[in-house]
Amino acid sequence: MDDTRFSYTWNLNGNEQRGIFQILLRVPGRRIAWGSMSNGLMSGVVCFEPRPHQETEITLKVRSIFEPSSLSRRVKEYLGNFKRLVENGKAA
């Protein structure tokens, strides 16, 4: 959306839902924290730590109203897409 807000779309019981999130903290190349703007749906932080051999360790912490199994499945899918985008320039 812009430098401080982004949208997220998901499917809940066959109904497409959309949330607007605000970036609360940005440390370039190191950390991004975000939270939902209105409904407490989700908040989180992602940290990037350089490692040897041109690798990066990524730590993701999320608080959400979604059930853990559903959230875990979604996060795994989105992180896989992010990895493909970073490595190949393409998301699935």
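Here's a quick rundown of the structure. (Residues numbered from 1 in each chain as written. Predicted model: local features only at pLDDT ≥ 70, side-chain atom pairs only at ≥ 80, totals over all residues. Heavy atoms only, no water.)

**Focus: the pattern of salt bridges**
Using the following cut-off: Criterion for a salt bridge: a side-chain nitrogen of Lys or Arg within 4 Å of a carboxyl oxygen of Asp or Glu. Exposure categories follow from relative accessible area, calculated using a 1.4 Å probe and restricted to protein chains: below 20% of the type maximum is buried, above 50% is exposed, and the middle band is partly exposed.
Throughout the structure, instances matching the rule amount to three salt bridges. The residue Asp2 makes a salt bridge to Arg5 at a minimum N-O spacing of 2.9 Å. Classification of Asp2 as partly exposed rests on a relative accessible area of 36%. Arg51 is paired through a salt bridge with Glu57; the nearest N and O atoms lie 2.6 Å apart. A residue is classified by how much of its surface remains accessible, and Arg51, at 39% relative accessible area, is partly exposed. With a relative accessible area of 37%, Glu57 lands in the partly exposed category.

**Here's the deal with the packing of aromatic side chains**
The criterion, for reference: In this scheme Phe, Tyr and Trp rings, the latter by its six-membered ring, pair at centre separations within 6.5 Å, and the angle between planes marks the pair as stacked below 30 degrees, edge-to-face above 60, and tilted otherwise. Each helix is a run of DSSP H or I of at least 4 residues and each strand a run of E of at least 2, with the numbering of both proceeding from the N terminus.
This model, assessed by the stated rule, comprises one aromatic pair. Ring geometry for Phe6 and Phe21: centres 5.5 Å apart, planes at 20°, overall stacked. One end of the pair, Phe6, is in strand β1 (residues 5-12); the other, Phe21, is in strand β2 (residues 15-27), with 15 residues separating them in the sequence.

**Some points on the side chain of Ser36**
For the record, the criterion: Every residue pair with non-hydrogen atoms within 4.5 Å of one another is taken to be in contact.
Along the polypeptide, Ser36 turns up in strand β3 (residues 31-36). Accessibility expressed as a relative area gives 18% for Ser36, which makes it buried. When near neighbours in sequence (up to four residues on either side) are disregarded, Ser36 contacts Ile20, Phe21, Leu41 and Met42.

**A few points about the environment of Ile32**
With respect to the helices and strands, Ile32 occurs in strand β3. According to the relative accessible area criterion, Ile32 is partly exposed, its value standing at 29%. The spacing of Ile32 and Thr9 is 23 residues in sequence and 19 Å in space, taken between C-alpha atoms. Discounting chain neighbours no more than four positions away, the residues touching Ile32 are Ile23, Leu25, Gly44, Val45 and Val46.

**Observations regarding unusual backbone geometry**
Leaving glycine aside, a negative phi is the common case for residues, and trans is the common case for peptide bonds. In this model, His53 sits at a positive phi of 65°, which is unusual for a non-glycine residue. Along the polypeptide, His53 turns up in the loop between β4 (42-51) and β5 (55-64). Looking at His53, the relative accessible area reads 72%, which means it is exposed. Its identity is not glycine, yet Gln54 carries a phi of approximately 55°, on the positive side. Inspection of the secondary structure puts Gln54 in the loop between β4 and β5. Accessibility expressed as a relative area gives 85% for Gln54, which makes it exposed.

It is worth stressing that arrangement in space is one thing and function is another; only the former is reported here.
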